[in-house]
Amino acid sequence: MAELTGLSGIAVRLYRKYSKPTHGAEDEILTLLTGNRAVVIAEAAISESAVLGGDVNLEKSWHEQIEKNGSNVFNQPLTSIATKGAREAVASAIGLSLAGKRATAFVTGQNIGAIQDLLFTASGRHLPLVIHLTNNAMSGHGIAPGSGHEGYHLSCDTGVFTLFAQNAQQAADFTFIARRVAETTLVPGLVAMDAEETALSWQDVNILGPSQVKRLLDASSSELPVPNEAQRLLFGDTRLSVPRWHDVDRPVVTGAAFDSDSYAMGAAGKNVYFEEALVAVLEQTFAEFYKITGRQYGRLTQNKLERAQTVFVAQGAAVETAIAVADSLPDSLPKTGVIGLTCMRPFPAEELASLLNGKANIVVLERLLPAPGAETPLLREFRRLPGSLSSVLHSVRYGIGGAPLRAIDLALVPSSVSKVKTATLHLGMDFEADTLHPKRQVLQDQLKRAYPNVAETGLRSKDGSPDAVVEGTISLAILRSGASGHDQITQNVASILHQVNGGTVRSRPWLSQGAWGEQGSDFLLHSNVDLVDPGDLAALDIVCLTRGSNGKIVAVDADTLQRLRTGGKIIVPEVAGEQLAQMLAPYSAVLE
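From a predicted model like this one, the values you see are computed outputs, not experimental measurements. (Residues numbered from 1 in each chain as written. Predicted model: local features only at pLDDT ≥ 70, side-chain atom pairs only at ≥ 80, totals over all residues. Heavy atoms only, no water.)

Bringing empty space enclosed by the protein into the picture now. Following the criterion strictly, the structure yields two cavities of 30 Å³ or more and no others. Roughly 70 Å³ of internal volume is contained in the largest cavity. In terms of lining residues, the largest cavity is bounded by Asp194, Glu197, Ala317, Ala318, Thr321, Arg367, Tyr398, Leu405, Arg508, Asp533, Gly535 and Asp536. The residue makeup of the lining of the largest cavity, split by class, is four nonpolar, two polar and six charged. Counted as a void, the second largest cavity has a volume near 30 Å³. Put simply, the parts of the chain that give the lining of the second largest cavity at least two residues each are α2 (35-46), β6 (103-108) and β7 (130-135). (1 Å grid on protein atoms, 1.4 Å probe; cavity = no way out; pocket = protein on both sides within 12 Å on 5 of 7 lines; lining within 4 Å. Points joined across faces, edges and corners; volume = space filled by probe spheres on them. Nonpolar A, V, L, I, M, F, W, Y, C, P; charged D, E, K, R; others polar. Helix = DSSP H or I, 4+ residues; strand = E, 2+ residues; numbered from the N terminus.)

Here's what the structure looks like:
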């Protein structure tokens, strides 16, 4: 029986007492931030201007940095430009970069389709611009509420290099790394992160201090030695970190109309003389960043590949969940390793071919659906790996439109890939789900007869039992209504736990659709040890009920209670015992 505990309010005084940031290595600041806030703080340390395309939260965070600091670590004033959308934002950032200003812009997966030509322009004109992408799913048959990778892959062939963050820490670090690479190679960069798993998730983050930033980057107006002969022919032995392509004192022709032969020569020269050095500069910058911070990055990450026969390949936040699953699989299942792909461009083909040599099964996890008659983008890249790849490739599609990625579903994949006949799986979907409605059952039977092979492409665990307890870890869900104003509770509790105990924090916000009376739950995980994201709908130690805007306790959610571990607690606002018993009576079977 789950234990019931009364709670009269949130410990606001404790939060205020313990909310001061602590310091990590050197002058790093260890604090609790969402991925969006972490990126804004990182950009405010190095940039001169941010072009804001209508995201209210990002605008608020950037203006907080202007009011708090006023300038970056190089004593250059911080400014902002407000635009109505992504296209205007990126166009303005391109203009600032052409004028020699270190600028940035923020876009989402839902509006990045409108800037594809501008990304080609930034690449063609050698602008050291860094653009941040939050991977919201593109709209299809409706408007999707959560993450999706359609916009990211759409942008990968526009001439930019890409860095895909697995968590908020990487999102902040990749901001500095991308800027160093872009200003060295004069190739623009795209830094991506998932939406609710990273951009909106409260996590523990180390932000670089001023002295660390200055070891990695110089001011935009400082001179730096050119890295190759092509740039020496253009600029001489040194050039500005951000070249002033539009300079009234030294005018040059840029963006002009060319005849076809001249344009072709210029496009080919860009690839040969500028982009060829991109891989070497990336690796050099990763190594330099490791010396400064002790955090080691590369174009890919790997986990327990030595003895693995099955390998998960993933991008973004799913990498942490894949690692959590691979590390917890029983010995009776095939040994499973994980590769996290940080760079889609330039693609680490040779390194992947070497790591995957001799592996039996390669499971490619992708968060989008393919075009008609085509394969998904990442799977296509693996088909083209150099050498004779003897492994069997499996395409696993997950989290479409923000659908949950459950660890218990992913744990079924290693044993399923050798059993199912299809090479494509839809994770978390059950095309043969039972229904209590006779008319719906008739429709399902018709679909089964018309499409007999579809059912085996779905993979969803029927066992929803909570996972094993990890010592030093606590997980909780906060049930609330959209109009209650309790969206800050997760942040407050996470801050208290992190400031008192340190450790690792991961959270998942409820994405409200704005419907009247709608309710959902925020998820929070805190651990005293290093812990990766366990995925969506993970097991719970605590379920916290709140009051709605009408003063009544929100309705209990049976699905959330089923995630409660044995011995877990339900925290409720102060209420009479009889009323509480009446409220929980329908869920007695779940609570036993």
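Further notes follow.
Turning next to helix α19 (residues 489-501). The terminal C-alpha atoms of α19 lie 18 Å apart, and with 13 residues this matches the ideal 18 Å at 1.5 Å per residue to within 8%. The element α19 is largely enclosed, with a buried count of 11 among its 13 residues. Backbone geometry just downstream of α19 places Gly502 in the positive-phi region, at approximately 65 degrees. (Expected span 1.5 Å × (residues − 1). Buried < 20%, exposed > 50% of the residue type's maximum accessible area, 1.4 Å probe, protein only.)

If you walk across this open sheet you meet the seven strands as β13-β15-β14-β16-β17-β18-β19, and the pairing is mixed. At either margin of the open sheet sits one strand with a lone partner, and together these are β13 (300-303) and β19 (458-459). With three bridges connecting them, strand β17 (residues 392-397) and strand β18 (residues 424-427) associate as parallel partners. Among the inter-strand pairings, Arg397 is bridged to a residue of β18, identified as His426. Lying over the sheet, helix α13 (residues 318-328) contacts β13, β14 (310-314) and β15 (336-341), oriented at roughly 170 degrees with respect to β15. (Pairing = 2+ DSSP bridges. Contact = heavy atoms within 4.5 Å. Axes fitted to C-alpha atoms, helices over the stretch in contact; angles between N-to-C directions.)

Read from one edge to the other, the open sheet built from six strands follows the order β5-β4-β6-β7-β9-β8, with strand pairing classed as parallel. Of all the strands in the sheet, just β5 (79-82) and β8 (161-164) have a single pairing partner and so form its edges. Pairwise comparison of adjacent strand axes, ignoring direction, gives a mean angle of 20 degrees for this sheet. Two elements, β6 and β7, share five bridges in a ladder whose sense is parallel. Bridge pairing links Thr104 to Val130 in β7. Those strands touched by α2 are β6, β7 and β9 (189-194), and its axis lies near 175 degrees from that of β7.

Under the criterion given, the structure shown has 26 salt bridges. Note that Arg367 and Glu196 form a salt bridge whose closest N and O atoms lie 3.8 Å from each other. With Arg367 in the loop between β16 (361-366) and α15 (377-383) and Glu196 in helix α8 (residues 195-199), this pair connects stretches of sequence that are 171 residues apart. Across the pair Lys304 and Asp327 runs a salt bridge whose closest N-O atoms are separated by 3.3 Å. (Salt bridge = Lys/Arg side-chain N within 4 Å of Asp/Glu carboxyl O.)

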